[in-house]
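One-letter residues, chain by chain:
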Amino acid sequence: MRYCETGPVHLDFHRTLNATIGYLRTQYGYDFLDSVFRRMAHDVYRILHEALQRGDPEELIHHWTYFLDREGGGYELQREEKIIRLTVHRRPAIAYLQSRGLGVDPAFCRQTVVVNNALAEGTPFEIITEVLGEGRCIQTLRRRS
Amino acid sequence: MIPSDHFVRFYNEVFKALEELGHEHLVAYWRELGKLQVQELAARFREGGLPACHEYWQRILEEEGCEGRLTLTDEYFEFRMTRCPSLAKVLDNDAAPCRWYCDHCMGWCEAVMQAAGLHMVLDVESRTEPHCVMRVYRDPTLAEEYERAARLPSHPYA
């Protein structure tokens, strides 16, 4: 894995992430916010994007589960013939913000939606992200028909 | 999903995107983060002084995986960072680093220290190597004196 962090987890970064999303949304709008998420997907996560372009979803699946495990997330991973579905029951970032009594920005989960969409661009896959609220979502990766 | 482990690489992308709009946009963002951190830390530092700074950065050193040494004297608190995990991650990155990356640190700390009645000097030493020295003083004249000897003092709002 390209960025395989180990050691202590600093969940307080989610507080700054939440504030940053709120700041960019209110000062610059959704298009600008999304452009930053897309830079993240295409430049920082270039290895994940390239793996999907090659038809390999495993780098992304490992990325999802590795970092959810590191942060103590609750999830299920289901594999079917042409579909891989990640059902997140407890997203640690949301749980952390709520534990600190902080309001979750309305665009907070947009990071997941836009990064997933951008990762899937130009690849044989699509990633459908259903945000269910309260730190829950379903991310479905499947080959385009 | 952007995990907390990857936040600083996201941060770096935000810096570059704002810098492309004009440096004043990047500086405005740092000011906003400064306000956020003032709410979080200023009262603690104002009441606890240099020992409270030492206590805070002791936790950061452990939790963020920094390598370095903390020193607390009667005159100052010093954090001599031999490996900054934040810049190290930004350099270990398939995306390019923002040339002003190190200044974000002083960007929020300056606001907190001003609100706490303390005076900080950050010598980033190099913008391409992950080490720096931070000192916090109670006495502004001692801070000014220390800054005169700094190799690359950070002044994000200059």
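Quick summary incoming for the structure in this document. (Residues numbered from 1 in each chain as written. Chains lettered and ligands numbered in written order. Predicted model: local features only at pLDDT ≥ 70, side-chain atom pairs only at ≥ 80, totals over all residues. Heavy atoms only, no water.)

1. Remarks on the packing of aromatic side chains
- Overall, the coordinates contain 21 aromatic pairs over all chains when judged by the stated rule.
- Between Tyr 11 of chain B and Tyr 101 of chain B, the aromatic rings sit 6.5 Å apart at their centres with planes inclined by 80 degrees, giving edge-to-face as the arrangement. Of this pair, Tyr 11 of chain B sits in helix H1 (residues 7-21) while Tyr 101 of chain B sits in the loop between helix H3 (85-91) and helix H4 (103-116), and the two are 90 residues apart along the sequence. The same class applies to Tyr 11 of chain B and to Tyr 101 of chain B, which are both buried.
- Grouping aromatic residues by their ring pairs yields a cluster made of Phe 13, Tyr 23, Tyr 28, Phe 32 and Phe 37 of chain A together with Phe 7, Phe 10, Tyr 11, Phe 15, Tyr 29, Trp 30 and Tyr 101 of chain B.
- Against the face of Tyr 157 of chain B rests Arg 31 of chain B, its NZ or CZ located 4.1 Å from the ring centre. (Phe/Tyr/Trp six-rings, centres within 6.5 Å; stacked < 30°, edge-to-face > 60°. Helix = DSSP H or I, 4+ residues; strand = E, 2+ residues; numbered from the N terminus. Buried < 20%, exposed > 50% of the residue type's maximum accessible area, 1.4 Å probe, protein only. Lys NZ or Arg CZ within 6 Å of the ring centre and 35° of its normal.)

2. Quick notes on the sheet that holds strand S4 (residues 136-143) of chain A
All names here are of chain A.
- The sheet built from four strands is open, its strands ordered S1-S2-S4-S3 with antiparallel pairing. The outermost strands of the open sheet, each flanked by one partner alone, are strand S1 (74-79) and strand S3 (125-133). Taking the axes of each pair of neighbouring strands and ignoring which way they run, one obtains an average angle of 10 degrees across the sheet.
- Pairing analysis gives six bridges linking S1 to strand S2 (residues 83-90), with the strands arranged antiparallel. Across the sheet, the residue bridging to Leu 77 is Leu 86, located in S2.
- The sheet strands contacting helix H6 (residues 110-120) are S3 and S4, and the helix crosses S3 at an angle near 175 degrees. (Pairing = 2+ DSSP bridges. Axes fitted to C-alpha atoms, helices over the stretch in contact; angles between N-to-C directions. Contact = heavy atoms within 4.5 Å.)

3. Here's the deal with the packing of helix H1 (residues 13-28) of chain A against helix H5 (residues 92-99) of chain A
Residue and element names in this part refer to chain A.
- Two elements in contact, H1 and H5, have axes separated by 9 Å at closest approach and are oriented at 90 degrees. Looking at the two axes, H1 sits roughly perpendicular to H5. Every residue of H5 that contacts H1 at His 14, Arg 15 and Asn 18 is listed here: Ala 93, Tyr 96 and Leu 97.
- In the contact of H1 with H5, the residues fall into three nonpolar, two polar and one charged. (Parallel < 35°, antiparallel > 145°, perpendicular 65-115°, else oblique. Nonpolar A, V, L, I, M, F, W, Y, C, P; charged D, E, K, R; others polar.)

4. A look at the nonpolar core
- Within the largest apolar cluster, 89 residues are counted, with the highest numbers of intra-cluster contacts made by Phe 10, Tyr 29, Phe 45, Trp 57, Phe 77, Phe 79 and Val 136 of chain B.
- Residues within four places of Tyr 29 of chain B in sequence aside, it is in contact with Thr 20 and Tyr 23 of chain A together with Tyr 11, Val 14, Phe 15 and Leu 18 of chain B.
- Counting six residues, the second largest nonpolar core, distinct from the first, contains Val 121, Val 133, Tyr 137 and Ala 143 of chain B. (Core = buried A, V, L, I, M, F, W, Y, C linked by side-chain atoms within 4.5 Å.)

5. Observations concerning the packing of H1 of chain B against helix H2 (residues 23-63) of chain B
Residues and elements named next belong to chain B.
- Axis separation between H1 and H2 bottoms out at 5 Å; the angle between their running directions is 135 degrees. Taken together, H1 and H2 sit at an angle that is classed as oblique. Between H1 and H2, the contacting residues are Tyr 11, Val 14, Phe 15, Leu 18, Glu 19 and Leu 21 on the first element and His 23, Glu 24, His 25, Leu 26, Tyr 29, Trp 30 and Leu 33 on the second.
- By residue class, the composition of the contact of H1 with H2 is nine nonpolar, two polar and two charged.

6. A few points about the interface of chain B and chain A
- The partner chain A presents 37 residues to the 36 residues of chain B that form the contact.
- Both sides together, the interface formed by chain B and chain A hides about 3600 Å², and carbon and sulfur atoms give 59% of it.
- Among the residues of chain B in contact with chain A, Met 1, Ile 2 and Asp 94 of chain B are the three that bury the most area, contributing 23% of the side total.
- With its nearest N and O atoms 3.4 Å apart, the salt bridge here joins Arg 46 of chain A to Asp 94 of chain B.
- Those elements that place two or more of their residues in the side of chain B that touches chain A are H1 and H2 of chain B.
- For the side of chain B that touches chain A, the per-class residue count stands at 17 nonpolar, five polar and 14 charged. (Buried area = accessible area lost by both parts, 1.4 Å probe. Salt bridge = Lys/Arg side-chain N within 4 Å of Asp/Glu carboxyl O.)

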